[in-house]
Amino acid sequence: MLFSTVQAMLGNRLQIASSEDSASQLAAAAHSLDASEVARRLGVDPERGLEPEDVTARLELYGPNALQTIKPRPAWRVLLGQFTSIVVVLLGVAALISLVTGDSVEAAAIAAVLLINSLVGFLTEWQAERALDALRRSSHTSARALRGGQQMNLDAEDLVPGDIILLNPGDRAPADARLIRAASVRVDESALTGESLPVDKTVDQVAEQTLLAERRSMLYKGTTVVAGSALGVVTGTGMRTELGRIGKLVAEARSEQTPLEKRLAELGRQLVYIVLAIAAVVLIAGWLRGDNVWVMVEVAISLAVAAVPEGLPAVTTLILAVGVLRMARRNAVVRRLAAVETLGSTTIICTDKTGTLTENRMTVREYRLSDGRLIELRRLERSLDSDPLLKRTLRVSVLCNEASLGSQSGGDSRAVGDPTETALLMAGRELGLDVSAMRAEHRKILEIPFDAATRRMVTVHAEPGGGESALLKGAPAIVLEACTRYVNADSRACPLDDESRASFRDVNEEMADRALRVLGLAEKSIASRGRDADAVGPVAASLRSSFWQSDLESGYTFLGLVGMLDPPRREVPAAIEEARAAGIRVIMLTGDQLNTARAIARELRLNGDSEPEAIHASMLAGADRERLVQLATAASVFARVSPQNKLEIVDALEQAGEVVAVTGDGINDAPALKRASIGVAMGRRGTEAAKEAADLVLTDDNFATILKAVEGGRAIYANIVKFVHLMFSENLAEVIVIFTAIVVGWPLPLLPLQILWVNLVTDVFPALALALEPAAPGLMSYPPRSPRSALLSRSFLFLIGWQGMLLAAITLLAYWWALDRYGPGSHARTIALISLVGVQLGHMFNCRSRTRSAFEGLFRNPHIWFAAATVAGLQLLAIGFAPVAEVLGMAALDSRDWAIAVGSVLAPIAVVEATKALAGLSRHYRQ
């Protein structure tokens, strides 16, 4: 009979929700339906659970309770991605042309440069993003379920919609479930919603439009029960859970191209046009002059090789890699190489609150005693023996408390239990209370746990001198309602009249406005029930509770209020101020309540001296794109946000032209971390999902480290610009030298292989030295550069242009002198080569700063001197070592030739230093 009833229920369930769409609709609305209605629609008897054959059918219909996995990119695809840059393609074409025209050595050299670049990039980026796999690992757990009237332990993957699951403190929810029974249940949902405190759960249904963080009737996969026991019916499994939906958001979130990648792509396109224009002009000029066409093709290739920055991909990668190593030493581990520079472009940091801006640890901030005194823990000077009211208040807070002291290594101890109660326990110990001795002295004989419905906790204790006392802790309004007296300034118990009650309510509101979690504390003496004190177990507790019911409802003496909060991290206010000075706006995205978020933002001075603009996530519902942009650009705080809300806010900010860094540690942060210009995950407490989705991981979970990383990113970009300055002005000089020689009818001053030698020698080592250039003073006092700004701005192009002409002019003068002295041939070309290397070596010092002198802080970067010595040594090798000299076509030099080389090094430094000095004087007089 029972089996036929179950069959009928199952048949009814299959008629109503036989499709995946119907099941998804039920899962989405379960919080707004009565628990019995949810069980009826799922065709399950809560007292028996599902039958085995029912489970089999549902497994076939819904599949296992597992998140979908994604395959990481294969290694060959990661390697192939290193060759997609236009600059790399252009170099590949140059190598191919060199090979076709017989210059195999030149082709091999270019290929070697490309191979080095690709290997460095591959080794840095070979680990593809695997956020969904991380989500799956973070959610894998076991479960206790009721099937066929029997409790059994299952792998969570075997659960199906309709399963009845049981959870106790410490259990992780194995699936989304509608609560059927809940006894004082509190759940840590911080990883899913960002809520900093455990959430009280009830079986009462809530409105259908209720935000995820406020659905008290639901348990969600991946969250943890911290108190109480629960019985629930599974409504969603696998990808139909809220955790699964976050996984879909991660998979669908597009990765944003970094500003550096955009700028290098634009630069590559510009180089293609430049190279084609140079080749066309040379071919046409030579043809009009009557030169041999094939000779002019070879000359055009030489100019193209001179124009193409062979070292750009490799040196840019090396500069980024050096920056990665520097950041790692500053507790910031970079997962994606190109993201390093993005930090320097950051205009907005969207940060979560709990654990990033705050310590993620509830702490008692103050006691407001009934005699009107304010007791702040850090300023307490009196001992407890001289303050009996404070001692009585602390007594209530540590005895009417379920937390316990757990031993740690080194003899220290930490409180274990609910964060609010552990904070009370630790505060009592910090103020000199011997918690263990007090609990032993005041034996607990009854406990009525905190419940979301009553919003209070009551314990009864045996007093050492005889008699018993009842202690009350709970919401201030509930505690005040149960009190008839309070302790006044004269330490006497006075009647609690309406006026006194109202004054205590005002104090409570003032504390709540400062984001404090406030509890009321009270006590009373009751008639002894000593003969029942030794009885234990839930039945005895129930009997005693009923017996004492009239004694425990009212008649308490109010002792005071205790205010606690998750305190801001000490280093955060200074870091926010530094961010503001650097032109970076900080926005808080949190799952916490609006008033809590606003108060923390005010304490951190998130908006400076102005009141922070705070917005509840409900205001984002149904907002169009334009409205979202308005809200995102105006507000400093967003409260009760969901993962989808975070994505919408980040999208809106980037649509407004901002470069957004997003910090996070929870599963709920993963989609926004992946979508942002740069995602920053917390390394210590962060979930694997957050780390896998992020570009940067902070090993110390310190918000201030983000600012250090931003400074590092700005320094890296500045060093890349220095290298581009060096490389483009030098390559321009090479083009001008060769083109001028052709125009005036001189022999080619450099052979194609000599051009490649110059580029490799004068690009790589000076670039590495510039990569290690320390950050300029005051780097964080400037606003971030515009994400729309080009790498080669007009002023930068003008600077490159005149300095390139300067280097070319010095080289051409040396070549003209050599032609006059030695005539055309290898000796004159050797003079041209060493002069070109010399001016480029001197120009390396000029490129350390566009405005500051080359001699300022000259010895702060010893790598500059190492690079200069290396370049000089290689050039001496090229001339003095016969095998290399023969390949490059070099000739021996005399003392006058070497004097020309030394003069070539010093001349550009002297000219550029003079222009910097004149520009500095001009700025001074304008001010």
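J.: Honestly, unusual backbone geometry in this entry has me stumped. Any pointers?
T.: Generally, phi is negative for residues other than glycine and the peptide bonds are trans, each holding for most cases. Its identity is not glycine, yet arginine 605 carries a phi of approximately 55 degrees, on the positive side. Relative to the elements of secondary structure, arginine 605 occurs in the loop between helix H23 (594-603) and strand E22 (614-616). Residue arginine 605 is classed as partly exposed on the basis of its relative accessible area, which comes to 34%. Positive phi, normally seen in glycine, also occurs at aspartate 701, with a value near 55 degrees. Its location among the elements puts aspartate 701 in the loop between strand E26 (696-698) and helix H28 (703-744).

J.: When you look at helix H31 (residues 826-846) in this model, what are you seeing that I'm missing?
T.: With 21 residues, H31 should cover 30 Å at 1.5 Å per step; its first-to-last C-alpha distance of 30 Å lies within 8% of that length. With 20 of 21 residues buried, H31 lies mostly within the body of the structure.

J.: Would you mind showing me how to read the pattern of salt bridges here?
T.: Close approach of charged atoms lets side chains of opposite charge pair. On inspection of all chains with the given rule, the structure shows 35 salt bridges. Across the pair aspartate 418 and arginine 186 runs a salt bridge, and its minimum N-O distance is 3.0 Å. Taken together, the residues aspartate 418 in the loop between strand E13 (413-416) and helix H16 (419-430) and arginine 186 in strand E4 (residues 176-188) connect sequence positions 232 residues apart. The closest approach of N and O atoms between arginine 392 and glutamate 523, which form a salt bridge, is 2.5 Å.

J.: In this structure, what is going on with the pairing of strand E9 (residues 348-351)? I would like to understand it.
T.: The side chains of a regular strand alternate between both faces of the sheet. Residues Ile348 and Cys350 point to one face of E9 and Ile349 and Thr351 to the other, with burial holding for every one of them. Bridging between E9 and strand E21 (residues 585-589) involves four bridges; their strand directions are parallel. Note that in E21 the partner of cysteine 350 across the bridge is isoleucine 587. With three bridges joining them, E9 and strand E24 (residues 660-664) adopt parallel strand pairing. From the neighbouring strand, cysteine 350 faces E24, where its bridge partner is valine 662.

J.: What am I meant to see in the confidence of the model for the chain here?
T.: Interpreting fine coordinate detail is not advised for predicted regions of low pLDDT. Across the chain, pLDDT averages 79, with 78% of residues at or above 70. Low pLDDT, under 50, characterises residues 1-19; the stretch is placed with 22 contacts to residues that sit more than four places away or in other chains. Contacts from residues 530-547, a stretch scored under 50 in pLDDT, to residues over four places away or in other chains number 13 contacts.

J.: Looking at this structure, how should I read the sheet that holds strand E25 (residues 678-682)?
T.: Hydrogen bonds between backbone atoms are what pair the strands of a sheet, whose relative direction is either parallel or antiparallel. Read from one edge of the open sheet, eight strands run E8-E26-E25-E24-E9-E21-E23-E22, paired in mixed fashion. Pairing within the sheet leaves two strands with one partner each, and these edge strands are strand E8 (332-334) and E22. Across this sheet, the average inter-strand angle for adjacent strands is 20 degrees, counted without regard to direction. Looking at chain direction, E24 and E25 are connected through four bridges and run parallel. Looking at E25, one finds that threonine 663 is bridged to valine 680. Sitting on the sheet, H28 is in contact with E8, E9, E21, E24, E25 and E26, with an inclination near 155 degrees to E9.

J.: When you look at the packing of aromatic side chains in this model, what are you seeing that I'm missing?
T.: Any two aromatic rings considered together are summarised by their centre-to-centre distance and by the angle between their planes. If you walk through the whole model with that rule in mind, you get six aromatic pairs. For the pair phenylalanine 504 and phenylalanine 558, a centre-to-centre distance of 4.7 Å together with 50 degrees between the ring planes defines the contact as tilted. With phenylalanine 504 in helix H19 (residues 498-513) and phenylalanine 558 in strand E20 (residues 556-565), the pair connects residues that are 54 residues apart, well separated along the chain. Phenylalanine 558 sits in the buried class, given a relative accessible area of 1%. Taking the centre distance of 5.8 Å and the plane angle of 70 degrees together, the rings of tryptophan 746 and tyrosine 815 count as edge-to-face. Here tryptophan 746 is found in the loop between H28 and helix H29 (752-771), whereas its partner tyrosine 815 is found in helix H30 (residues 794-822), with 69 residues between them in sequence.

J.: In this structure, what is going on with the environment of glycine 679? I would like to understand it.
T.: Relative to the helices and strands, glycine 679 resides in strand E25. Accessibility expressed as a relative area gives 0% for glycine 679, which makes it buried. Sequence separation between glycine 679 and isoleucine 349 is 330 residues; the distance between their C-alpha atoms is 9.8 Å. Apart from residues no more than four positions distant in its own chain, glycine 679 is found in contact with Val662, Leu673, Ala694, Asp695 and Leu696.

J.: Sorry if this is basic, but what is going on with the nonpolar core here?
T.: Among soluble globular proteins, nonpolar side chains are generally buried collectively. Formed by 79 residues in total, the largest nonpolar core has its most connected members in Tyr556, Phe558, Met588, Leu696 and Phe703. No other element matches the 14 residues that H28 contributes to this core. Once you skip the residues sitting within four places of it in the chain, methionine 588 turns out to touch Thr351, Lys353, Leu357, Ala597, Ile600, Ala601, Leu606, Ser636, Val637 and Phe638. One finds Leu750, Ala814, Ala868 and Val871 within the second-largest nonpolar core, a separate group that totals 53 residues.

Calculation criteria
Residues numbered from 1 in each chain as written. Predicted model: local features only at pLDDT ≥ 70, side-chain atom pairs only at ≥ 80, totals over all residues. Heavy atoms only, no water. Helix = DSSP H or I, 4+ residues; strand = E, 2+ residues; numbered from the N terminus. Buried < 20%, exposed > 50% of the residue type's maximum accessible area, 1.4 Å probe, protein only. Expected span 1.5 Å × (residues − 1). Salt bridge = Lys/Arg side-chain N within 4 Å of Asp/Glu carboxyl O. Pairing = 2+ DSSP bridges. pLDDT = per-residue confidence, 0-100. Contact = heavy atoms within 4.5 Å. Axes fitted to C-alpha atoms, helices over the stretch in contact; angles between N-to-C directions. Phe/Tyr/Trp six-rings, centres within 6.5 Å; stacked < 30°, edge-to-face > 60°. Core = buried A, V, L, I, M, F, W, Y, C linked by side-chain atoms within 4.5 Å.

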